[in-house]
Amino acid sequence: MGPGVPVSAGSRDGEAAPAQAADVHIGWAGLQVRAAAVLGAGVMGAQIAAHLANAGIETLLFDLPEAGDPRGLARRAIAGLAAVDPPPLAGGQFAARIRPCGYDTDAGLLQDCDLLIEAIAERLDLKIGLLRRIAPSAGPQTVLATNTSGLSIEAMADALPRPLRARFCGIHFFNPPRYMRLVELVPCGSTDRALLDAIETFLVMRLGKGVIRARNTPNFIGNRIGIAALAMSIHHADRHGLRADLADALSGAPVGRPKSATFRTVDIIGLDTYAHVLEGPSARLAGDPWVAYFTLAPWLRELIGRGALGRKAGRGIYRKAGDAIEVYDRGSGGYVRSGAQAAAEVETILRMADPWERLAGLRACTHPQARYLWSIQRDVLHYAAVHLAGIADSARDVDLAMRWGFGWRHGPFEIWQAAGWRRVARLIEADIAAGEALARIPLPGWVHEIADAHNAGGSWSPGSRRYLPRPALKVYTRQRYPEPLCGEPAPPCAVIFENASARLWRAHDDVAVLSFNTRLNVINAEILESMHRAVDLAERGFAGLVIWQFAPPFSAGADLKEFNAVMRTQGLPGVEAILRSFQGATRRLRDAQVPTVAAVRDLALGGACEVMMHCARTVACTDSRIGLVETGVGVLPAAGGCKEMARRVVAGGRGCNPLEELTRVFGRIMTARRSGSAEQARDFGYLRETDLIIMNPGELLHVAVGQARALAEAGYHPPCHAPIPVCGRDGMRRLNEDMRQALASGRMTEHDAYIGLRVALALTGGEIEPGTLVAEDALLDIERRGFLELLQHPRTQARIHHTLTTGEALRN
């Protein structure tokens with residue numbers, strides 16, 4: 001544990017934090033975790049270690065010996081991280097931060113670790129045995145945690161020496177740990193309260209997580225509701241005679257749940273793992289009115305018996321047969337081609353914009369598919385209401401747990417509130433009385449005493465009989481605009497100007513913020529005009545300008561639909577006018593007399609990547625996917641992206657030959673490759689060494705504003721307009737040879753080569769002497785001419801039409 005003054009991290013509920021019985025050095029920024037250990041190198045343990053490594057923490061990964069190697073299992077798990085999809089490591093080089101260890105050979109290293117996380121198999125006896133084994137090796141200030149998904153925290157604490165219990169809790173990551181935002185923080189009765197606040201701060205700021213405080217109840221919050229929802233969906237699919245693929249077509253995106261829906265989710269989890277999670281806690285859930293439904297369906301048990309365990313086994317409820325996907329058919333006992341779709345009358349109901357009309361329409365419809373959809377939603381709302389008081393502090397905890405841990409668009413209480421709290425309550429009560437609901441237990445009394453679950457006062461807490469505000473920990477002051485819940489008003493902002501596509505507003509008085517308001521925040525002509533105006537206003541009266549979005553992504557790029565429409569109605573002159581405005585906007589951002597900062601989250605593609613590259617600084621969330629992807633629709637980067645990459649290719653400092661780097665840059669542009677992380681975007685050259693990468697998207701605005709202010713206070717001035725020493729004919733020769741080989745091998749089409757020639761010209765300057773200093777304007781002209789030539793080509797028009805129609809890229 002790093003040195004520090006043991007001061008309060010700020011109380012979670014706004015009260016003064018008590019003295020720290022745990023005697024752990026913490027500050028307002030949380031635990032000073034420099035070294036950690038993960039005990040158990042299975043799927044979860046290895047990926048938790050990977051995420052700690054992503055955060056810059058040196059991590060020991062422990063497991064049992066294998067083939068005479070005391071560190072064998074851990075060593076194999078670390079090596080296997082590179083093959084996991086999606087990748088647990090934000091950069092392959094981070095694997096070097098994980099050290100393989102064995103319990104017999106390396107237990108002495110645990111005393112120097114600040115945090116130990118147990119992550120072995122979900123069996124209480126095994127966990128208790130391991131905790132007892134390693135407890136004597138823990139340092140005097142080491143925090144000890146278990147990653148159990150629902151076993152008793154208290155039972156594990158009782159097995160520990162009494163002084164260690166104050167430093168013990170549950171830290172439950174969701175799978176996969178890098179990508180699932182939810183972490184449940186579960187204390188035992190002895191856990192020090194100030195330490196819990198410090199752990200929460202560490203998880204939020206350092207690991208980028210959304211933390212929910214859970215109670216020591218079976219399956220905690222996320223799995224208690226999420227696994228129940230899966231079980232109910234499977235039960236009702238069987239009851240209504242719906243095959244798995246049809247149930248999945250209905251119970252995923254149409255009702256705001258992940259695309260994997262129900263049965264695909266079980267395949268991803270693994271049928272055996274799902275069975276364990278479903279049935280394992282049954283003894284502790286004996287009093288749950290729904291416990292009879294937490295039993296595996298016989299046909300799923302039969303699949304497990306056949307070894308059809310899901311994706312990890314190559315077959316489960318689904319399997320791949322050549323290019324086709326097949327689904328298990330319960331009636332025949334074999335696999336049939338999947339692809340069932342919702343009935344037309346049910347689709348009509350699902351397309352209704354009003355949440356009340358959708359729910360009421362599904363309940364009134366007699367079609368089995370509609371009955372199924374109403375039943376799975378009614379029963380999860382009923383279940384969540386009955387158990388809220390026992391498992392969570394407020395409705396907020398349940399709703400955010402389902403968003404962050406199970407990928408729901410909205411949590412159950414948000415769904416209920418959006419459709420009308422009292423109207424939905426009456427429908428549920430009527431079904432309970434009629435024996436339609438799975439349990440006959442009535443809705444709790446508090447449901448009829450309130451009109452909404454979330455409002456300006458906070459979120460309803462049955463235990464406190466009031467609406468609870470959001471946590472008051474100091475770390476949350478860095479999240480000025482937290483992810484809003486249904487019914488929760490957004491914090492006010494001082495608008496400077498606003499139009500249909502963008503808003504410029506004031507943050508912290510001295511920094512202006514530009515936010516987009518288009519679908520996927522795509523960049524249209526009005527946004528380009530807004531960029532010019534925003535820079536003008538920022539130069540007159542602000543310390544800096546930040547481009548930040550209220551909802552992800554940063555931007556999916558230029559508005560293709562607008563380009564297409566302008567081409568049809570105004571022809572090339574209209575398109576060229578937009579291109580000149582786009583190039584002008586990116587240059588204006590770069591040449592501004594105040595610092596401009598791009599705050600990037602999720603996607604920054606095509607034109608958005610070009611906007612980002614021209615800002616004085618970028619702050620990017622670690623999982624941002626960034627790239628110059630324009631060739632996927634048959635054009636080239638033409639808002640300064642090629643020009644900027646030409647500069648970065650020859651800028652030096654990247655430890656490689658410019659021609660080698662040019663080849664790599666050209667290859668990424670031609671394959672429309674996006675980075676898998678912000679760290680990879682730095683490797684690709686889209687982010688600079690001076691750009692920042694942070695873990696928590698909620699802190700993005702705070703850090704970006706801080707960067708703008710810091711640059712301004714340091715006497716910021718824009719970069720000079722130095723000509724670019726291009727690769728010239730040597731670069732052209734190299735790229736032409738690459739294209740010739742790609743054409744010969746079938747890796748590139750004739751139209752790809754047609755596009756590639758124009759990209760090559762923009763990156764190299766063309767057939768001129770290598771090292772020739774070329775003005776930016778000349779390279780921007782090459783970009784613009786290439787774009788306009790490509791836009792006229794029938795195959796480019798086919799690519800654009802296909803993308804606008806299907807959302808997919810066409811290679812022709």
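These lines cover the structure that appears in this document, whether it is placed above or below. These numbers come from a predicted model, not from an experiment. (Residues numbered from 1 in each chain as written. Predicted model: local features only at pLDDT ≥ 70, side-chain atom pairs only at ≥ 80, totals over all residues. Heavy atoms only, no water.)

Our next topic: the nonpolar core. Within the largest apolar cluster, 118 residues are counted, with the highest numbers of intra-cluster contacts made by Ile317, Phe413 and Trp416. At twelve residues, the largest contribution of residues to this core is made by helix H15 (residues 368–391). In contact with Ile317, not counting residues within four places along its chain, are Ala244, Phe263, Val266, Asp267, Leu271, Trp299, Leu300, Leu303, Glu326, Val327, Tyr328 and Tyr335. Phe497, Leu528, Met670 and Leu788 belong to the second largest nonpolar core, which has 80 residues in total. (Core = buried A, V, L, I, M, F, W, Y, C linked by side-chain atoms within 4.5 Å. Buried < 20%, exposed > 50% of the residue type's maximum accessible area, 1.4 Å probe, protein only. Helix = DSSP H or I, 4+ residues; strand = E, 2+ residues; numbered from the N terminus. Contact = heavy atoms within 4.5 Å.)

Quick look at the sheet that holds strand E12 (residues 324–329) now. Across the sheet, three strands lie side by side as E11-E12-E13; this open sheet has antiparallel pairing. The two strands at the open ends of the sheet, each matched to only one other strand, are strand E11 (318–321) and strand E13 (334–337). This sheet shows a mean twist of 40 degrees between the axes of neighbouring strands, independent of strand direction. Sheet analysis places E11 next to E12, joined by four bridges and oriented antiparallel. Paired with Lys320 across the bridge in E12 is Ile325. Here helix H9 (residues 244–251) sits on the sheet in contact with E11, E12 and E13, set at roughly 110 degrees to E11. (Pairing = 2+ DSSP bridges. Axes fitted to C-alpha atoms, helices over the stretch in contact; angles between N-to-C directions.)

Summed over all chains, the structure comprises 55 salt bridges. Arg75 is the salt-bridge partner of Asp69, the closest N and O atoms lying 3.0 Å from each other. Residue classification places Arg75 among the partly exposed positions, given a relative accessible area of 39%. For Asp777, the salt bridge is made with Arg587, and the minimal N-O distance between the two is 2.3 Å. Within this pair, whereas Asp777 is found in helix H28 (residues 776–791), its partner Arg587 is found in helix H20 (residues 560–591), the two being separated by 190 residues in sequence. Residues participating in the shared-partner salt-bridge network are Arg587, Arg590, Asp591, Arg647, Glu776 and Asp777. (Salt bridge = Lys/Arg side-chain N within 4 Å of Asp/Glu carboxyl O.)

Bringing the packing of helix H14 (residues 355–364) against helix H18 (residues 421–433) into the picture now. The interhelical angle for the contact between H14 and H18, taken along N-to-C directions, is 15 degrees, at an axis separation of 11 Å. Relative to H18, H14 is oriented roughly parallel. Crossing handedness for the pair H14 and H18: left-handed. On H18, the residues touching Trp356, Leu359 and Arg363 of H14 are Arg423, Val424, Leu427, Ala430 and Asp431. The class makeup of the residues in the contact of H14 with H18 is five nonpolar, no polar and three charged. (Parallel < 35°, antiparallel > 145°, perpendicular 65-115°, else oblique. Left-handed = near helix turned anticlockwise from the far one by under 90°. Nonpolar A, V, L, I, M, F, W, Y, C, P; charged D, E, K, R; others polar.)

The calculated volume of the second largest pocket comes to roughly 1,000 Å³. Around the second largest pocket, the lining is made up of 36 residues, and of these Ala556, Ala558, Leu560, Val633 and Thr803 lie nearest the centre. Mapped by element, the contributors of at least two residues to the lining of the second largest pocket are H20, strand E22 (603–605), helix H21 (607–614), H28 and helix H29 (794–806). Among the elements that take part in the lining of the second largest pocket, H20 stands out by supplying five residues, more than any other. (1 Å grid on protein atoms, 1.4 Å probe; cavity = no way out; pocket = protein on both sides within 12 Å on 5 of 7 lines; lining within 4 Å. Points joined across faces, edges and corners; volume = space filled by probe spheres on them.)

Look at helix H23 (residues 658–670): 18 Å from first C-alpha to last across 13 residues, which is about the 18 Å you get at 1.5 Å a residue. All buried positions along H23 are accounted for by Glu661, Leu662, Val665, Phe666, Arg668, Ile669 and Met670. Buried positions along H23 lie against helix H22 (641–650), helix H24 (678–684), helix H26 (728–745) and helix H27 (750–764). For H23, the side-chain oxygen to backbone nitrogen distance between the N-cap and Leu659 is 2.7 Å, and the N-cap itself is Asn657. (Expected span 1.5 Å × (residues − 1). Polar contact = N/O pair within 3.5 Å; in protein donor to acceptor, adjacent residues only side chain to side chain.)

A few words on unusual backbone geometry. Along the chain, Asp85 connects to Pro86 via a cis peptide bond; the corresponding omega equals 0 degrees. Mapped onto the elements, Pro86 comes out in the loop between helix H2 (72–80) and strand E5 (98–102). Cis rather than trans, the peptide bond between Asn175 and Pro176 has omega equal to 0 degrees. Of note, Ala261 is a non-glycine position whose phi angle comes to about 55 degrees, a positive value.

Further remarks concern the sheet that holds strand E20 (residues 544–547). With mixed pairing, seven strands are arranged side by side in an open sheet as E17-E18-E19-E20-E21-E23-E25. One side of each edge strand has no neighbouring strand; the edge strands of this open sheet are strand E17 (494–498) and strand E25 (692–694). Between one strand axis and the next, the sheet turns by 20 degrees as a mean value, whatever way the strands run. Alignment of E20 against strand E21 (residues 596–600), held across three bridges, turns out to be parallel. By the bridge assignment for E21, Ile547 is matched with Ala598. Taken strand by strand, helix H25 (residues 700–713) contacts strand E18 (502–507), strand E19 (511–516), E20, E21, strand E23 (617–621) and E25, and its axis lies near 165 degrees from that of E23.

Let's shift gears to H18. Taking 1.5 Å of rise per residue, the 13 residues of H18 would be expected to cover 18 Å, and the 18 Å separating its terminal C-alpha atoms lies within 8% of that figure. Every buried residue belonging to H18 is among Trp421, Val424, Ala425, Leu427, Ile428, Asp431 and Ile432, and all of these are buried. End-on view of H18: buried residues confined to an arc of 160 degrees, all on one side of the axis. Looking at H18, the residues exposed on the side facing more than 90 degrees away from the buried face are Arg426 and Ala433. Contacts from the buried residues of H18 go to H14, H15 and helix H17 (412–418). Taken from the residues just after H18, Gly435 is the one with a positive phi, measuring 80 degrees. (Arc of directions from axis to C-beta.)

On strand E6 (residues 115–118), burial covers both faces: Leu115 and Ile117 on one face and Leu116 and Glu118 on the other are all buried. Pairing geometry for strand E3 (residues 35–39) and E6, over four bridges, is parallel. Considered in E6, the bridge of Ala36 is made with Leu115. Bridge count between E6 and strand E7 (residues 143–146): four bridges; the pairing is parallel. The residue of E7 that forms the bridge with Ile117 is Ala145.

Before going further, it helps to examine the pairing of E18. In the sheet, E17 pairs with E18 via four bridges, with the strands oriented antiparallel. Across the sheet, Val495 pairs through a bridge with Trp505, a residue of E18. From the end of E17 to the start of E18, which pair antiparallel, there are three residues. Relative to E19, E18 is paired through six bridges, and the arrangement is antiparallel. What sits directly across from Arg506, in E19, is Ala512. The loop that links E18 with its antiparallel partner E19 comprises three residues; one of these, His508, has a positive phi angle of about 55 degrees.

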